[in-house]
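# Inside the fold
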Amino acid sequence: MTSIVRLQVLSGALDEGPLAYLLQIDEFKFLLDCGWDERFDLTLIEKLRRFIPQIDAVLITFPDLYHLGALPCLVAKGLSCPIYATVPVYKMGQMFMYDLFQSHKNNEEFDVFTLDDVDTAFEKMTQLKYSQSVTFTGKGRGLSITPLPAGHMIGGTMWKIVKEGEEEIIYAVDYNHKKERHLNGCVLDQITRPSLLITDTLNAEYVQARRRTRDEQLLTTILKTMRSDGNVLIACDTAGRALELAQLLDQLWADRRSGLIAYTFAMLNNVSLNVVDFAKSQVEWMSDKVLRTFEDQRANPFEFRYMQLCHSMHDLDQIASPKVVLASIPDLECGFSRDLFVRWADDPRNSIILTSRTTPGTLARRLVDDPALGSVTLQLKYRVPMRGQELEDYYRKKRDEEKAPVKDEEESTASSPAASRATTSASPARSWRRRSTAFPSSFCRPGPPSSSTSRSCPT
């Protein structure tokens, strides 16, 4: 009997939007990825929310925002079905979401999702290894899923979905068929004439230079900038391509002939230490060459000798200049990359290197699409301490909020004759609790949203 297969695009078709597809096989429905973009458009969440009761399983391919960014919000809104991903996607996906949250929270109020939402979503995730199959029961009886290597990022996945004796469906997006410095390419040889192939053509017309050529261009740019006493900002993701760049740069620094040993370089994001620690423990997910080197020489490619890990601008300021900094977030819309762009972009000695093609409309994409752009106007947001009358008003508002529930409780207690005898003795205790309420010593608020500054774009 032939199965009924339907694919519904929720996001990620005919544009460069985040990925989310609903795949139905008979009565069983998969959500293939649940990405979001930098704008955090709630329209997509509301669109996905309507399908939450129908979704039986979620399959995640990569750990970045475009493939799992909406997951915490969907779980908070009631998504309770099983979620499947590889072990690195689970670990690095958390790091992506933690860093993204804190990058916004450092400079402004951010309530799109919380860290608790992130933890709750990832607690529901089932971690798989490559080629480890899961067979469903119930209305998914006869269905099985298997993650296959996709390259591109550590743990990146192509999903093989099989209906026993009938259909084989391959979901493969953003895969890389070429071997990379630390990863094998995707396993196209394990795919033989599927009934349905779901893929993308985002980079179909992109002609990529050879890796040796790209490495030489990167080294030349860094050396030229540093010999001019300038700094280099490399805007990258949190825990995906950043690992490949970190490994490359550490190898360049180790080569005395490169001339880089006199300079410094660092990774700057909110979870840099955790990212590197996780990477060290995932050698089995790396390329065959990395695995052989580890087995023969016990050399871990992520035991960085020259890269320094920073979690704040203060940490970075302690490192001598000139320096190369791998900073998140790649779109330059928030995070340390934006802070450094504002600080360094107007100095012609510095260089800004963009490592990915981000969503249209973001600052990084504007710079890529218009290399001749001479200046940009930015809206900057800061957290500044409250002082004077503003701080007093805040204290007063908090005290009023504390008193309101107590007053309601007293009125409710007084209206009951049986409880009226306890009112006098209980009242001092409530009064003491109000007096002993601890307030933070300082409070912060976002800077004026109208503040802006113009910075010249590097040429």
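Note that the coordinates shown come from a computational prediction; the quantities given were computed from them, not determined experimentally.

This brings us to the overall build of the chain. Scanning the chain from N- to C-terminus turns up 14 helices and 20 strands. Counting the 459 residues in the chain, one finds 48% classified as buried. Nonlocal contacts in the chain, meaning residues at least 24 apart in sequence, comprise 72% of its contacts between residues at least 6 apart. In the form shown here, the chain has an accessible surface area of approximately 23100 Å², with 49% of it arising from carbon and sulfur atoms.

Okay, the packing of aromatic side chains next. Centre-to-centre distance and the angle between the planes together describe a pair of aromatic rings. Counted by the stated rule, this structure contains 15 aromatic pairs. Between Phe28 and Phe136, the aromatic rings sit 4.9 Å apart at their centres with planes inclined by 45°, giving tilted as the arrangement. Of this pair, Phe28 sits in strand S3 (residues 28-32) while Phe136 sits in the loop between strand S7 (134-135) and strand S8 (143-149); the two residues are 108 residues apart in sequence, bridging distant segments of the chain. Each member of the pair Phe28 and Phe136 is classed as buried. Above the ring of Phe294, the side-chain terminus of Arg298 is found at 4.4 Å from the ring centroid.

Another aspect to go through is a positive patch on the surface. Positive charge collects at one region of the surface, where Lys179, Arg211, Lys289 and Arg292 lie side by side. Inspection of the secondary structure puts Lys179 in the loop between strand S10 (167-171) and strand S11 (196-198).

On to the packing of helix H6 (residues 211-227) against helix H7 (residues 241-254). Running from amino to carboxyl end, H6 crosses H7 at an angle of 65°, the nearest separation of the two axes being 12 Å. The chirality of how H6 crosses H7 is right-handed. Of H7, the residues touching H6 (which contributes Asp215, Leu218, Leu219 and Ile222) are Leu248, Leu249 and Leu252. Along the lines of polarity and charge, the residues of the contact of H6 with H7 split into six nonpolar, no polar and one charged.

Pairing is mixed across the open sheet formed by six strands, whose spatial order is S1-S2-S3-S4-S5-S6. The outermost strands of the open sheet, each flanked by one partner alone, are strand S1 (5-11) and strand S6 (125-128). The mean angle between the axes of side-by-side strands here comes to 25°, regardless of whether they run parallel or antiparallel. Two strands pair when backbone bridges link them, and S3 and strand S4 (residues 57-59) are joined in this way by three bridges, in the parallel orientation. Among the inter-strand pairings, Leu31 is bridged to a residue of S4, identified as Val58.

Following the criterion strictly, the structure yields 19 salt bridges and no others. Arg383 is the partner of Glu109 in a salt bridge, and the nearest nitrogen-oxygen pair spans 2.9 Å. One end of the pair, Glu109, is in the loop between helix H4 (87-105) and helix H5 (115-123); the other, Arg383, is in strand S18 (residues 383-385), and 274 residues separate them in sequence. Of the residues examined, Arg383 reaches a relative accessible area of 24% and is grouped as partly exposed. For Arg396, the salt bridge goes to Asp393, with nearest N and O atoms at 2.8 Å. Highlighted residues: Arg396 and Asp393, both in helix H13 (residues 388-414), separated by three residues, approximately one helical turn. Where salt bridges share partners, they join Glu16, Arg365 and Asp369 into one cluster.

Quick look at the state of the cysteines now. Throughout the structure, instances matching the rule amount to zero disulfides. Free cysteine Cys34: the closest other cysteine sulfur is in Cys81, separated by 9.1 Å. For Cys34, a relative accessible area of 0% translates into the label buried.

Covered by surrounding structure in strand S12 (residues 232-235) are Val232 and Ile234 together with Leu233 and Ala235, the residues of both alternating faces. The pairing of S12 with strand S15 (residues 323-327) spans four bridges and is classified as parallel. Bridge assignment links Val232 to a residue of S15, and that residue is Val324. In this sheet, strand S16 (residues 351-354) lies alongside S12 in parallel orientation, the contact comprising four bridges. Note on S16: the bridge partner recorded for Leu233 is Ile352.

The interhelical angle for the contact between H4 and helix H8 (residues 272-280), taken along N-to-C directions, is 170°, at an axis separation of 10 Å. Between H4 and H8, the interaxial angle falls into the category roughly antiparallel. The segment H4 lies against H8, with Lys91, Met92 and Met95 engaging Asn274, Val275, Phe278 and Ala279. Each residue belonging to the contact of H4 with H8 can be placed in one class, and the counts come to five nonpolar, one polar and one charged.

A few words on the sheet that holds strand S9 (residues 157-163). Reading across from one edge, S7-S8-S9-S10-S11 is the order of the five strands in this open sheet, with mixed pairing throughout. Only two strands of the sheet have a single neighbouring strand rather than two, namely S7 and S11.

In this structure, Ile222, Ile234, Leu249, Trp253, Met307, Val324 and Leu326 are the most contacted members of the largest nonpolar core, which totals 41 residues. Elements that contribute at least two residues to this core include exactly H4, H6, S12, H7, strand S13 (264-268), H8 and S15. Of the residues forming this core, the biggest block, eight residues, is contributed by H7. Ignoring sequence-local partners within four residues, the contact set of Ile234 consists of Leu218, Leu245, Leu249, Val324, Val325, Leu326, Ala327, Ile353 and Thr355.

Another aspect to go through is the confidence of the model for the chain. For the chain, per-residue confidence averages 84 on the pLDDT scale, and 88% of positions sit at 70 or higher. Residue range residues 416-459 is modelled with pLDDT below 50. Its contacts to residues more than four positions away, or to other chains, number 65 contacts.

Turning our eyes to something else, we now look at unusual backbone geometry. Ser321 connects to Pro322 through a cis peptide bond whose omega is 0°. Assignment of secondary structure puts Pro322 in the loop between helix H10 (313-317) and S15. With an omega of 25°, the peptide bond between Ser328 and Ile329 qualifies as cis. The residue Phe40 is not glycine, and still its phi comes out positive at about 50°. With respect to the helices and strands, the residue Phe40 is situated in the loop between S3 and helix H1 (42-49). Positive phi, close to 75°, is recorded for His152, a residue that is not glycine. Mapped onto the secondary structure, His152 falls in the loop between S8 and S9.

Calculation criteria
Residues numbered from 1 in each chain as written. Predicted model: local features only at pLDDT ≥ 70, side-chain atom pairs only at ≥ 80, totals over all residues. Heavy atoms only, no water. Helix = DSSP H or I, 4+ residues; strand = E, 2+ residues; numbered from the N terminus. Buried < 20%, exposed > 50% of the residue type's maximum accessible area, 1.4 Å probe, protein only. Contact = heavy atoms within 4.5 Å. Areas by Shrake-Rupley, 256 points an atom, 1.4 Å probe, with all protein chains shown as cover. Phe/Tyr/Trp six-rings, centres within 6.5 Å; stacked < 30°, edge-to-face > 60°. Lys NZ or Arg CZ within 6 Å of the ring centre and 35° of its normal. Patch = residues over 30% accessible without salt bridge, like charges linked within 9 Å, V, L, I, M, F, W, Y side chains within 5 Å. Salt bridge = Lys/Arg side-chain N within 4 Å of Asp/Glu carboxyl O. Lys, Arg positive; Asp, Glu negative; His and termini not counted. Charge placed at Lys NZ, Arg CZ, Asp CG, Glu CD. Axes fitted to C-alpha atoms, helices over the stretch in contact; angles between N-to-C directions. Left-handed = near helix turned anticlockwise from the far one by under 90°. Nonpolar A, V, L, I, M, F, W, Y, C, P; charged D, E, K, R; others polar. Pairing = 2+ DSSP bridges. Disulfide = S-S within 2.5 Å. Parallel < 35°, antiparallel > 145°, perpendicular 65-115°, else oblique. Core = buried A, V, L, I, M, F, W, Y, C linked by side-chain atoms within 4.5 Å. pLDDT = per-residue confidence, 0-100.

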